[in-house]
Amino acid sequence: MLNILIIGNGQCGNRILDAINREAFGTKGRFAKYLSQQKYKSNVQTIAINTAVNDLKEMKFTKAKDRIHTPHLHGVGANRNVGKHVFEDNKTLIMKNIHDRGDFDVAFVITSASGGTGSSFTPMLIRELKEKCDYPIYALVVLPFREEGTLYLQNAAFCLKDLRESGADGIILADNQFLKQMGGNVESAYNGINDMIAKRLLFLLDALDSEMMMVTDLGDFKTVMSGGAGLATIGFYEAEAEMPIKSVIKNALSPEGMLFSTDAYQEASRSMIILKGDRKYMSIDEVSSEVEQLSSCVGQVFKGIIVRNDELPQVLTVLTLESAMELENLYAIAVEAINYERQKKERVDSMKEVDRAFSQINGMDPSY
Ligand SMILES: Nc1nc2c(ncn2[C@@H]2O[C@H](COP(=O)(O)OP(=O)(O)OP(=O)(O)O)[C@@H](O)[C@H]2O)c(=O)[nH]1
């Protein structure tokens with residue numbers, strides 16, 4: 001049995017963590033977390049961390065003991081410098097909470113790249129953990145809608161850079177911009193995206209701790225994640241009716257199945273394909289030909305099969321990326337955003353002239 005730690009930082013991280021706990025506890029109302037057993041086979045511990053107490057209170061499926069408040073007004077207002085100070089001030093409290101839970105085999109830290117709290121806490125937390133613990137730690141990072149503004153874009157660019165330098169064993173990308181194809185209003189888009197991420201992560205945990213017909217384990221996952229440029233994404237497809245397994249695999253590898261826009265056959269460096277469902281769907285010829293096609297483009301492909309009687313087939317793919325065109329696009333607009341913010345600051349600084357204008361009436365009173 002694996003010991004797994006999942007941390008959600010900031011509002012986005014908290015909400016995705018709550019979606020994971022909802023899936024894991026089942027959806028039998030808001031008291032489910034007190035009444036029912038988690039669905040995990042592994043020993044999974046979850047922790048939500050936030051500067052904003054309201055974000056923590058909003059969580060419905062995460063136990064109170066699993067929520068850490070590091071007080072700072074109602075969040076740090078997308079200011080990563082403030083976030084870094086708050087983390088430093090609360091580091092001992094956070095690390096003690098994690099340490100008291102014992103040792104782990106693997107950890108995932110979930111955050112948005114673009115807010116203030118999660119995006120500044122996550123790289124610092126991972127750096128701290130890597131200094132003290134020897135288990136692999138993966139960041140699951142949500143990129144912003146591109147129209148959310150210059151501060152979010154510049155935060156995303158610096159957060160990803162900090163994460164790469166933090167010692168994280170890999171960064172799994174999910175992209176709000178790409179996933180907004182789900183449609184609906186912002187709230188339902190967030191919920192839809194959070195559910196997608198939660199479902200994929202739970203499938204992965206299930207696969208890493210399962211008795212499989214064909215095995216992929218934590219060692220294989222680590223090898224996949226150590227390939228490429230340290231970036232990864234996850235694809236998934238669930239058949240709604242009987243369909244050939246080759247089509248399910250193709251869909252899980254298609255851009256529509258991914259959490260981040262990528263062409264698996266062009267940009268992936270290593271991959272893991274996990275199939276789940278009734279034995280009757282797992283045609284070895286079809287599976288082999290799909291895996292062969294992918295491995296001829298990307299090199300190593302690990303495959304695993306979990307047999308679940310009477311279940312329609314589902315496929316999860318983990319891809320590490322060698323290149324990421326969409327990330328280059330994001331950095332191009334982030335550079336524009338950083339320049340824009342710098343020029344605005346310079347303009348505001350030069351507005352000190354306005355102060356000079358006001359200072360002309362210092363010490364004077366109006367006469368009527
Ligand atoms: N997918 C998804 N994205 C979210 C959600 N909530 C916020 N975001 C995105 O997260 C980014 C903002 O980061 P937050 O997580 O809200 O910020 P924070 O870490 O709490 O930091 P501060 O609020 O600045 O203290 C924006 O790009 C939002 O679109 C959510 O529930 N799901």
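Because the structure is predicted, anything quoted here is derived from the model rather than measured.

> Describe in detail the pairing of strand S4 (residues 106-112), supporting the description with residues and values.
Of all 7 residues that make up S4, 7 are buried, and the element is covered over most of its length. Alternating residues of S4 divide into Val106, Phe108, Ile110 and Ser112 and Ala107, Val109 and Thr111, and every residue in both groups is buried. Pairing geometry for strand S1 (residues 3-9) and S4, over 5 bridges, is parallel. Across the sheet, residue Ile6 finds its bridge partner in S4, namely Phe108. Taken together, the 6 bridges between S4 and strand S5 (residues 137-143) define a ladder with parallel strand orientation. Paired with Ile110 across the bridge in S5 is Leu140.

> Which residues make up the site of the ligand, and what values do they have?
Surveying the vicinity of the ligand reveals 24 residues, the closest of which are Ala78, Thr117, Glu148, Tyr190 and Asn194. A distance of 3.2 Å separates an oxygen atom of the ligand from a polar atom in the side chain of Arg15. One of the backbone N or O atoms of Gly115 is found 3.5 Å from an oxygen atom in the ligand. When the free accessible area of the ligand is taken as 650 Å², the share hidden by the protein chains comes to 94%. Residue assignment for the shell around the ligand shows that the elements contributing at least two residues are helix H1 (10-25), helix H5 (117-132) and helix H8 (186-208).

> Could you give an account of the side chain of Asp55, with specific residues and numbers?
Structurally, Asp55 is set in helix H3 (residues 53-57). In this structure, Asp55 is buried with no salt-bridge partner, the nearest side chain bearing the opposite charge being Arg15 at 5.8 Å. A polar atom in the side chain of Asp55 sits 3.1 Å from the side chain of Asn50. Beyond its immediate stretch of four places on either side in the chain, Asp55 contacts Gln11, Asn14 and Asn50.

> Talk me through the pairing of strand S8 (residues 268-277); I want residue IDs and the actual numbers.
In terms of burial, S8 is largely enclosed, as 9 of its 10 residues are buried. Sheet topology note: the S8/strand S10 (residues 314-321) ladder contains 8 bridges and is antiparallel. Bridging from a neighbouring strand, Ile273 pairs with Thr317 of S10. Note that S8 and strand S9 (residues 301-307) share 7 bridges and pair parallel. Within S9, the position partnered with Ile273 by the bridge is Lys303. Remark: the S8/helix H12 (residues 284-298)/S9 crossover connection has right-handed handedness.

> Can you tell me about the domain arrangement of the chain, naming the residues and giving the values?
It is common to report an interface's size as the accessible area lost on association of the parts. What the domain assignment lists for the chain is domain 1 (3-209) and domain 2 (225-321). Centre-to-centre separation of domain 1 and domain 2, based on C-alpha positions: 25 Å. Residue-level contacts link 22 residues of domain 1 with 24 residues of domain 2. Together domain 1 and domain 2 conceal approximately 2,100 Å² of surface at their shared face, both sides included; 69% is due to carbon and sulfur atoms. Summed over the three residues of domain 1 that lose the most area to domain 2, namely Leu173, Arg200 and Phe203, the buried surface amounts to 36% of that side. Between domain 1 and domain 2 we count 3 salt bridges in total. In this assembly, domain 1 and domain 2 are joined by 10 residue pairs in polar contact (both at pLDDT 80 or more). At the level of secondary structure, the elements contributing two or more residues to the side of domain 1 that touches domain 2 comprise S5, strand S6 (170-175), helix H7 (176-179) and H8. In terms of residue count, H8 provides more of the side of domain 1 that touches domain 2 than any other element does, 9 residues in total. Per-class residue counts for the side of domain 1 that touches domain 2 are 14 nonpolar, 1 polar and 7 charged.

Rules and cut-offs
Residues numbered from 1 in each chain as written. Predicted model: local features only at pLDDT ≥ 70, side-chain atom pairs only at ≥ 80, totals over all residues. Heavy atoms only, no water. Buried < 20%, exposed > 50% of the residue type's maximum accessible area, 1.4 Å probe, protein only. Helix = DSSP H or I, 4+ residues; strand = E, 2+ residues; numbered from the N terminus. Pairing = 2+ DSSP bridges. Near = heavy atom within 4 Å. Polar contact = N/O pair within 3.5 Å; in protein donor to acceptor, adjacent residues only side chain to side chain. Areas by Shrake-Rupley, 256 points an atom, 1.4 Å probe, with all protein chains shown as cover. Lys, Arg positive; Asp, Glu negative; His and termini not counted. Salt bridge = Lys/Arg side-chain N within 4 Å of Asp/Glu carboxyl O. Contact = heavy atoms within 4.5 Å. Right-handed = clockwise from strand over helix to strand, strands pointing away. Domains from an automatic or database assignment. Buried area = accessible area lost by both parts, 1.4 Å probe. Nonpolar A, V, L, I, M, F, W, Y, C, P; charged D, E, K, R; others polar.

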